[in-house]
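This is what each chain is made of:
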Amino acid sequence: VARSLRAGEGFSAGPEAWAVRPPLYPLLLAVLPCPLAVILVQCLLGAATAALAADLGGLLVGPRAGLLAGIAAAAHPELLLWPSLLLTETLAILLVTAALWSSARRWTLVAGLCCGAAALTRASLLPLAALLGLWLALAVRPRAGLICLAAAALAIAPWTLRNRLALGAWVPV
């Protein structure tokens, strides 16, 4: 998919438009010059995930828990070993962690955008926005949940519209 994007052919398989994969990870691959650059960026994404996990643990439980959360995240195989592979996991884990971290800080707009970006990385993460929006509505205030949902919808709207125009169907991710 990244090669097709780099060649200017878009998300297509020959003359047919398609939406087999969500667009965010192939777009990341398409803008990076080589596999080594992808690996380096994925290592940075893993480090950012560990830092967010540490701060999130510190926010929710305390400094010691934050330190343990950061160490556990940094030592997790998906962040430690998998960045050398071209897989969506490293980006998806960062976006989910960023959504949770943003919601803990009550940055509901950012949390929703992260949820939408996570869904645009892995389609299985589409329900995350609804779950996080529900939690924010119940734990913070109803408006916070709506802001999160609206931001997630805004994030996936361009891809959904593209799919409607290219495929003739409303395919969100």
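Residues numbered from 1 in each chain as written. Predicted model: local features only at pLDDT ≥ 70, side-chain atom pairs only at ≥ 80, totals over all residues. Heavy atoms only, no water.

Asker: Looking at this structure, how should I read the side chain of Thr49?
Answerer: Here Thr49 shows up in helix H3 (residues 35–60). Filtering out sequence-adjacent residues up to four positions away, Thr49 remains in contact with Leu79, Ile93, Leu94 and Thr97. (Helix = DSSP H or I, 4+ residues; strand = E, 2+ residues; numbered from the N terminus. Contact = heavy atoms within 4.5 Å.)

Asker: How should I be thinking about the environment of Phe11 in this particular structure?
Answerer: Positionally, Phe11 belongs in the loop between helix H1 (2–6) and strand S1 (12–13). Along the primary structure Phe11 and Arg64 are separated by 53 residues, whereas in three dimensions their C-alpha atoms are 46 Å apart.

Asker: Looking at this model, I keep getting lost on the nonpolar core. Mind explaining?
Answerer: Most often, soluble globular proteins have nonpolar side chains that are buried together. Formed by 39 residues in total, the largest nonpolar core has its most connected members in Tyr25, Leu91, Cys115, Leu132, Trp159 and Val173. Among the elements of the structure, H1, helix H2 (24–31), H3, helix H6 (89–104), helix H7 (108–119), helix H8 (127–139) and helix H9 (142–167) are those that each provide at least two residues to this core. Ranked by residues supplied to this core, first place goes to H6 with 7 residues. Leu132 has contacts with Ala99, Leu100, Ser103, Ala111, Cys115 and Cys148, leaving out every residue within four places of it along the chain. (Core = buried A, V, L, I, M, F, W, Y, C linked by side-chain atoms within 4.5 Å. Buried < 20%, exposed > 50% of the residue type's maximum accessible area, 1.4 Å probe, protein only.)

Asker: Explanation requested: the packing of aromatic side chains in the structure shown.
Answerer: A complete count under the given rule lists 2 aromatic pairs for this structure. Between Trp101 and Trp107 the ring centres are 5.2 Å apart and the planes differ by 90°, which places this aromatic pair in the edge-to-face class. Residue Trp107 is classed as partly exposed on the basis of its relative accessible area, which comes to 41%. Directly above the aromatic system of Trp107 lies the positively charged group of Arg105, at a separation of 5.8 Å from the ring centroid. (Phe/Tyr/Trp six-rings, centres within 6.5 Å; stacked < 30°, edge-to-face > 60°. Lys NZ or Arg CZ within 6 Å of the ring centre and 35° of its normal.)

Asker: How should a nonpolar patch on the surface be read in this particular structure?
Answerer: Residues Leu80, Leu81, Trp82, Leu85 and Leu87 make up a contiguous nonpolar surface patch of roughly 450 Å² in combined accessible area. Considering the arrangement of structural elements, one finds Leu87 in the loop between helix H5 (77–80) and H6. What makes Leu87 partly exposed here is its relative accessible area of 31%. (Patch = residues over 30% accessible without salt bridge, like charges linked within 9 Å, V, L, I, M, F, W, Y side chains within 5 Å. Areas by Shrake-Rupley, 256 points an atom, 1.4 Å probe, with all protein chains shown as cover. Salt bridge = Lys/Arg side-chain N within 4 Å of Asp/Glu carboxyl O.)

Asker: Can you help me understand the side chain of Thr97 in this one?
Answerer: In this structure, Thr97 sits in helix H6. Of the residues examined, Thr97 reaches a relative accessible area of 13% and is grouped as buried. With sequence-adjacent residues up to four places away left out, Thr97 is seen in contact with Thr49, Leu52 and Ala53.

Asker: Looking at this model, I keep getting lost on the packing of H6 against H7. Mind explaining?
Answerer: The relative placement of two packed helices is expressed as an angle between their axes plus a distance between the axes. Remark: H6 packs on H7, axes separated minimally by 8 Å, with the N-to-C direction vectors making an angle of 165°. One element, H6, and the other, H7, form an angle in the roughly antiparallel class. The handedness of the crossing between H6 and H7 is left-handed. Facing Leu95, Val96, Ala98, Ala99, Ser102 and Ser103 of H6, the residues of H7 in contact are Val110, Ala111, Cys114, Cys115, Ala117 and Ala118. For the contact of H6 with H7, a count of residues per class yields 10 nonpolar, 2 polar and no charged. (Axes fitted to C-alpha atoms, helices over the stretch in contact; angles between N-to-C directions. Parallel < 35°, antiparallel > 145°, perpendicular 65-115°, else oblique. Left-handed = near helix turned anticlockwise from the far one by under 90°. Nonpolar A, V, L, I, M, F, W, Y, C, P; charged D, E, K, R; others polar.)

Asker: Could you clarify how one ought to interpret the state of the cysteines in this entry?
Answerer: Covalent bonding between the sulfur atoms of two cysteines defines a disulfide. Applying the stated criterion across every chain yields a total of 0 disulfides. Cys34 takes part in no disulfide bond, and the closest cysteine sulfur to it belongs to Cys43, at a distance of 13 Å. For Cys34, a relative accessible area of 32% puts it in the partly exposed group. According to the relative accessible area criterion, Cys43 is partly exposed, its value standing at 41%. (Disulfide = S-S within 2.5 Å.)

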